[in-house]
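# Breakdown of the fold
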Amino acid sequence: MTTRRTILAAAFAVTVAGPALAQQNQVLRIGVSPGPHAEILEKVKPLAAQKGLDIKIIEFSDYVVPNQALDAGELEANSFQHQPYLDNQVKDRNFKLTSVGLTVNFPLGIYSSKYKSWAEIPDGATVAIQNDPTNGGRALLLLQDKGVIKLKDGTGFKPTVADITSNPKKLKIIEIEAAQTPRSLADVAAAAINTNYAVDAKIEPTSAILREDAKGPYVNVIAVRTADKDKPWVKTLLETYHTPEVKAFVAERFKGQVLAGW
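Let us look at the structure shown here. The model shown is predicted, which means the values in this text are computed figures rather than measured ones.

Reading the values: the criteria
Residues numbered from 1 in each chain as written. Predicted model: local features only at pLDDT ≥ 70, side-chain atom pairs only at ≥ 80, totals over all residues. Heavy atoms only, no water. Core = buried A, V, L, I, M, F, W, Y, C linked by side-chain atoms within 4.5 Å. Buried < 20%, exposed > 50% of the residue type's maximum accessible area, 1.4 Å probe, protein only. 1 Å grid on protein atoms, 1.4 Å probe; cavity = no way out; pocket = protein on both sides within 12 Å on 5 of 7 lines; lining within 4 Å. Points joined across faces, edges and corners; volume = space filled by probe spheres on them. Helix = DSSP H or I, 4+ residues; strand = E, 2+ residues; numbered from the N terminus. Nonpolar A, V, L, I, M, F, W, Y, C, P; charged D, E, K, R; others polar. Salt bridge = Lys/Arg side-chain N within 4 Å of Asp/Glu carboxyl O.

This next bit is on the nonpolar core. Counting 26 residues, the largest nonpolar core has Ile-30, Ile-40 and Tyr-241 as its most contacted members. Formed by 23 residues, the second largest nonpolar core is a distinct cluster that contains Trp-118, Val-127, Ala-192 and Tyr-218.

In structure tokens:
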């Protein structure tokens with residue numbers, strides 16, 4: 001009899017505890033790079049909690065480890081990279097990862113200390129771009145998007161100067177280290193400068209004379225393991241990220257340095 005009572009009590013305890021446990025929020029470990037990505041997720045966190053998600057923000061200073069950790073199951077998602085970077089990581093490292101939604105863009109700009117608009121740039125002027133394939137290609141794609149040059153078809157996200165097929169203004173395009181592009185402004189008509197280097201050099205990102213659109217190919221993404229992409233929590237996470245409150249926070253906090261890409 002004692003044994004039966006013990007079993008019944010245990011069963012009753014499980015029955016009572018079951019609903020309480022079910023009400024606990026699902027934990028999501030999300031890897032981010034320090035700075036805007038982390039700050040934005042802090043804004044998302046209380047909104048997600050209202051929908052049953054407990055976001056744990058884990059910061060990484062390295063751009064490779066967040067994908068390794070996600071692929072290994074040490075994270076549920078990450079938010080730090082744009083689609084071309086993720087595509088390269090998946091191809092090079094055979095990660096089983098998929099982007100499930102857009103976040104923000106750190107727009108690349110073309111800046112000038114001599115001219116106030118692109119229309120003022122003279123024919124034959126010198127324009128500096130970054131000398132690494134990813135950023136230099138991004139600068140060339142920006143110039144093509146704005147109608148300045150044309151590139152060969154099929155160059156993807158890493159075109160080079162050799163891929164230019166049309167250059168009506170006969171611009172001289174030189175390649176330099178990305179970190180040196182702000183310093184080059186004294187010597188060139190214009191330079192392509194990444195947002196982080198512009199901010200470091202006290203250059204206002206909104207002063208660019210040409211600038212990527214908020215929803216261009218380099219918008220950052222939320223990535224998950226491919227096996228998880230259709231799970232309910234993914235949809236809920238995106239719903240809480242893509243809210244008017246978060247978009248307003250991005251606009252107010254970053255003053256155009258970071259743009260909402262959704």
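When its volume is computed, the largest pocket comes out at roughly 790 Å³. Contributions of two or more residues to the lining of the largest pocket are made by helix H2 (36-49), strand S3 (77-82), helix H5 (133-145) and helix H6 (195-200). Class assignment for the residues of the lining of the largest pocket results in twelve nonpolar, 14 polar and three charged. Considering only enclosed or pocket space, the second largest pocket measures out at about 160 Å³ in volume. Residue lining of the second largest pocket: Asn-105, Arg-138, Leu-141, Leu-142, Asp-145, Glu-212, Asp-213, Gly-216, Pro-217 and Tyr-218, and that is the complete set. A total of four residues in the lining of the second largest pocket trace back to one element, the largest contributor, which is H5. Residues belonging to the lining of the second largest pocket are distributed by class as follows: four nonpolar, two polar and four charged.

Per the stated rule, a full pass over the model turns up eleven salt bridges. Across the pair Glu-39 and Arg-253 runs a salt bridge, and its minimum N-O distance is 2.7 Å. Here Glu-39 is found in helix H2, whereas its partner Arg-253 is found in helix H8 (residues 244-254), with 214 residues between them in sequence. Exposure remark for Glu-39: the relative accessible area of 27% places this residue in the partly exposed category. For Asp-123, the salt bridge goes to Lys-169, with nearest N and O atoms at 3.4 Å. On the criterion of sequence distance, the pair formed by Asp-123 in the loop between strand S6 (109-111) and strand S7 (126-130) and Lys-169 in the loop between strand S9 (164-166) and strand S10 (172-176) is long-range, its members being 46 residues apart. We classify Asp-123 as exposed; its relative accessible area is 59%. Classification of Lys-169 as buried rests on a relative accessible area of 19%.

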